[in-house]
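Single-letter residue listing:
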Amino acid sequence: MSAGSLASPLAPPLGRRLRPALPALLLGLLAWGLLFRAEIAAAVRVWIESTAYNHGFLILPLALWLAWDRRAGLRGLAPEPTLWPVLAAVPCGIAWFLADRLGIMEGRQLAAMGLLEVLLVAWLGWRLARALAAPLAYLVFLVPFGAFITPVLQVFTARFVNVGLDVLGIPHVVTDFLIEIPEGRFFVAEACAGLRFLIASIAFGALYALLLYRSPWRRLAFLAASLVVPVIANGLRALGIVALGHVLGSAEAAATDHVVYGWGFFSAVILLLTLAGLPFRQDVTPRPPAAAASPAPPRPATAWGAMVAALLLAAVAPAGAALLDRPQPVPPLALPAFTAGAACIAAPGPAAAPDAAARTQSFDCGGARLVAGVRILPPRSGPAA
């Protein structure tokens, strides 16, 4: 008997191992996309319209690349669909429902992302999901979150400049976001708060930490640096612009092309942050399993069961919201008590349908037309209505 016959059979390629349970995943992702299409559309709009979130288009390719970079650690693993992760869909659904009632799209998107993670973990199983924890976690940057801290960043920047000008001995007056020096005025606008720098830095810092470090503490430390450094750097940038205005003798001259200077300054800060993290890098190549035995193929029935259960729980909150927002029968409407006066006479107009959500009455007041009306707005109407 040859030695080769005693060896464990090689595990088949990962694609072949995924194939039996792949239809359940594809249909589950399609159903999730249809269920939360409003959240997806809103996120894509923000990626397009806001320079702070243009990097959103890169997140999915980067997550897929992170998964490919860890392919050595996936050897010998196959999907092991399980139902236990599906229970996490309950708090995610509750969070989505509360965010929907409060009108917070960002909260709805984060809850929908949590439900997507539940789908993926339930389909992958614990072992494979753990091996792919980094790319799964990186998907959270698909959600354009963080805009609510813009006023906080404006306050920090204004106070930072105030302290910096005191240290430099430059006469100034700071009123809220307005900074006045003898050479002119500067205003800390939303675009100057540093949100674009901060969001891009966090996304970059997370990718950098996942690629270069194995230790969770080193990853958290670098992520914390990616959070703190751009905030301070933006304060230094704003202080530099004001100080430059004092030197040049013109606030307008200093503020010219300050956005371009800001991106150049930010690029230099990211480069320095990258160089500072290099001495602490670790080998992040996953160690392959000791034996590459062929894993048991996933059971399609379990994959379908986990996917259907997760989708049913995920659909409860949107279904409840749709039920509350359904059109209600229009109650009988009557015009408020109105006295047109002797100079005004009621003018005939088209009769409204009995179930119409508005009633109007026209009056002719000496050649001037006056219209009185009452209207019922549909549920969840915004200020535009």
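Along each chain, the written sequence defines residue order, and numbers are assigned to residues from 1. Under the rules for a predicted model, residues below a pLDDT of 70 receive no local features and side-chain atom pairs below 80 are neither given nor counted, while totals for whole chains, interfaces and linings still include all residues. In computing side-chain values, all of the structure's heavy atoms are included and hydrogens and water are not.

As a further point, take the overall build of the chain. Helix and strand assignments follow DSSP, with helices taken as H or I runs no shorter than four residues and strands as E runs no shorter than two, numbered in order from the N terminus. Broken down by element type, the chain carries 14 helices and six strands. Think of it in three bands: residues with accessible area under 20% of the maximum for their type are buried, residues over 50% are exposed, and the middle band is partly exposed, with areas taken using a 1.4 Å probe on protein chains only. Burial analysis of the chain (385 residues in total) assigns 38% to the buried set. Should any heavy atoms of two residues lie within 4.5 Å, those residues are considered in contact. For the chain, contacts bridging at least 24 residues in sequence account for 75% of all contacts bridging at least 6.

Right, let's talk about the pattern of salt bridges for a bit. The rule for a salt bridge is simple: a side-chain nitrogen of Lys or Arg has to be within 4 Å of a carboxyl oxygen of Asp or Glu. Scanning the entire structure with this criterion turns up seven salt bridges. The closest approach of N and O atoms between E80 and R127, which form a salt bridge, is 2.9 Å. Linking E80 in the loop between helix 4 (56–69) and helix 5 (89–102) with R127 in helix 7 (residues 126–131), this pair joins segments that are 47 residues apart in sequence. Given the relative accessible area of 38%, E80 is considered partly exposed. Across the pair D100 and R101 runs a salt bridge whose closest N-O atoms are separated by 2.8 Å. The exposure class assigned to D100 is buried, which follows from its relative accessible area of 5%. Counted as one network, the salt bridges with shared partners bring together E39, D100, R101, R108 and D325.

Attention now moves to the packing of helix 2 (residues 22–35) against helix 6 (residues 105–124). Axes, fitted as lines to C-alpha atoms, cover a helix only where it is in contact. Angles between the N-to-C directions of the axes lie from 0 to 180 degrees. Where helix 2 meets helix 6, the axes come as close as 11 Å, and the angle between the chain directions of the two elements is 170 degrees. Classed by the angle they form, the pair helix 2 and helix 6 counts as roughly antiparallel. Contact with helix 2, carried on its side by L22, L25, G28, L29 and W32, involves A112, L115, L116, L119, L120 and W123 of helix 6 and no other residues of that element. For the contact of helix 2 with helix 6, the class distribution of residues is 10 nonpolar, one polar and no charged. Relative orientations are named as follows: roughly parallel for angles under 35 degrees, roughly antiparallel for angles over 145 degrees, roughly perpendicular for angles from 65 to 115 degrees, and oblique for any other angle. Basically, the charged four are Asp, Glu, Lys and Arg, the nonpolar ten are Ala, Val, Leu, Ile, Met, Phe, Trp, Tyr, Cys and Pro, and anything else, Gly included, counts as polar.

What follows is about the sheet that holds strand 6 (residues 368–375). Note on pairing: DSSP must find at least two bridges between two strands before they are called paired. Ordered in space as 4-5-6, the three strands form an open sheet in which the pairing is antiparallel. Only two strands of the sheet have a single neighbouring strand rather than two, namely strand 4 (344–347) and strand 6. Sheet twist, expressed as the mean angle between neighbouring strand axes with direction ignored, is 30 degrees. Bridge count for strand 5 (residues 358–365) against strand 6 is eight bridges, and the pairing is antiparallel. For C365, the partnering residue across the bridge sits in strand 6 and is A368.

This part is about the environment of F57. With respect to the helices, strands and loops of the structure, F57 is situated in helix 4. According to the relative accessible area criterion, F57 is partly exposed, its value standing at 44%. Distance in space between the C-alpha atoms of F57 and L142 is 8.0 Å, their sequence separation being 85 residues. Once you skip the residues sitting within four places of it in the chain, F57 turns out to touch V44, W47 and I48.

Further remarks concern the packing of aromatic side chains. When the centres of two rings from Phe, Tyr and Trp lie within 6.5 Å, Trp using its six-membered ring, the rings pair. Their planes under 30 degrees apart give stacked, over 60 give edge-to-face, and anything left gives tilted. Under the criterion given, the structure shown has 12 aromatic pairs. Judged by centre distance (5.8 Å) and plane angle (40 degrees), the rings of F204 and Y208 are tilted. Taken together, the residues F204 and Y208, both in helix 10 (residues 195–212) and four residues apart, mark about one turn of the helix. Judged by its relative accessible area of 6%, Y208 falls in the buried class. Put simply, the rings of F204, Y208, Y213 and F222 pair up and form one aromatic cluster.

Moving on, we get to the pairing of strand 3 (residues 184–187). Taken together, the four bridges between strand 2 (residues 178–181) and strand 3 define a ladder with antiparallel strand orientation. When the sheet's bridge partners are listed, L178 is paired in strand 3 with F187. In sequence, strand 2 turns back onto strand 3 through a hairpin of two residues.

What follows concerns the packing of helix 4 against helix 10. The interhelical angle for the contact between helix 4 and helix 10, taken along N-to-C directions, is 5 degrees, at an axis separation of 11 Å. When the axis of helix 4 is compared with that of helix 10, the two are roughly parallel. For the pair helix 4 and helix 10, contact is made by L62, W65, L66 and D69 and by L207, L210 and L211, respectively. Classifying every residue of the contact of helix 4 with helix 10 gives six nonpolar, no polar and one charged.

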